[in-house]
Amino acid sequence: MSKLPTTATAPSTLPEQGITASLTVEVMADLDDGQLTLVAATQGNQGDLQVVTPAQALAKVTSLREKADRIEALISEYAEKVLIPAFLAEFDIELEELDIASLIEDAPDLAARFRAFAAVKNDGSIIAAFPKGQAPVERLAAIRSLVLDLQKRGQA
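No experiment lies behind these values; they were computed from the predicted model shown. (Residues numbered from 1 in each chain as written. Predicted model: local features only at pLDDT ≥ 70, side-chain atom pairs only at ≥ 80, totals over all residues. Heavy atoms only, no water.)

A.B. asks: Help me get a handle on unusual backbone geometry, residues and values and all.
C.D. replies: Phi is mostly negative for residues that are not glycine, and the peptide bonds are mostly trans. With phi around 60°, Gln46 is a residue other than glycine that occupies positive phi space. With respect to the element layout, Gln46 can be found in the loop between β3 (36-41) and β4 (50-51). The backbone phi angle of Asp92 is positive, close to 50°, even though this residue is not glycine. With respect to the secondary-structure elements, Asp92 resides in the loop between α1 (54-90) and β5 (93-98). Note on Asp92: relative accessible area 48%, which makes it partly exposed. (Helix = DSSP H or I, 4+ residues; strand = E, 2+ residues; numbered from the N terminus. Buried < 20%, exposed > 50% of the residue type's maximum accessible area, 1.4 Å probe, protein only.)

What follows is the structure, encoded as structure tokens:
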């Protein structure tokens, strides 16, 4: 079990950045002769719309997947460096990571579904336990659910 810091007072080291991913692919009929063509555009306004081969369209799909992976990584980094510390500080949550290896052996069904556990301590602060190595976006969703549940019960 390891405790993680819960303060969010220092400014984030996450730089401002943007990643754009867009791909439109259509099969269109030529208005003059009715022949079908494959067209693709990677700009949102379709400023680069062009006739492409299936291989060129698939190359654009590969590029889109790479950008989507970078977007997912940016979302996870934002959740980990900005949102999770803010939630922990705002609701006075002490976060602990649990190594669930023993749970996997003893109760594999429970281990596969374990997302978080929380308890309110005598001083009103909250302690929350999460699996070690949990994805930041999944952890953020679990923290949010825990806070909403505690608020319903009047404990947060």
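A.B. asks: Any details on the packing of α1 against helix α4 (residues 136-152)? Residues and values, ideally.
C.D. replies: Where α1 meets α4, the closest approach of the two axes is 8 Å, and the angle between their N-to-C directions is 25°. One element, α1, and the other, α4, form an angle in the roughly parallel class. The interaxial crossing formed by α1 with α4 has left-handed handedness. Residue-level contacts link Ile75, Ser76, Ala79, Glu80, Leu83, Ile84, Phe87 and Leu88 of α1 to Pro136, Val137, Arg139, Leu140, Ile143, Arg144 and Val147 of α4. (Axes fitted to C-alpha atoms, helices over the stretch in contact; angles between N-to-C directions. Parallel < 35°, antiparallel > 145°, perpendicular 65-115°, else oblique. Left-handed = near helix turned anticlockwise from the far one by under 90°. Contact = heavy atoms within 4.5 Å.)

As far as function goes, none of this settles anything; it's purely spatial.
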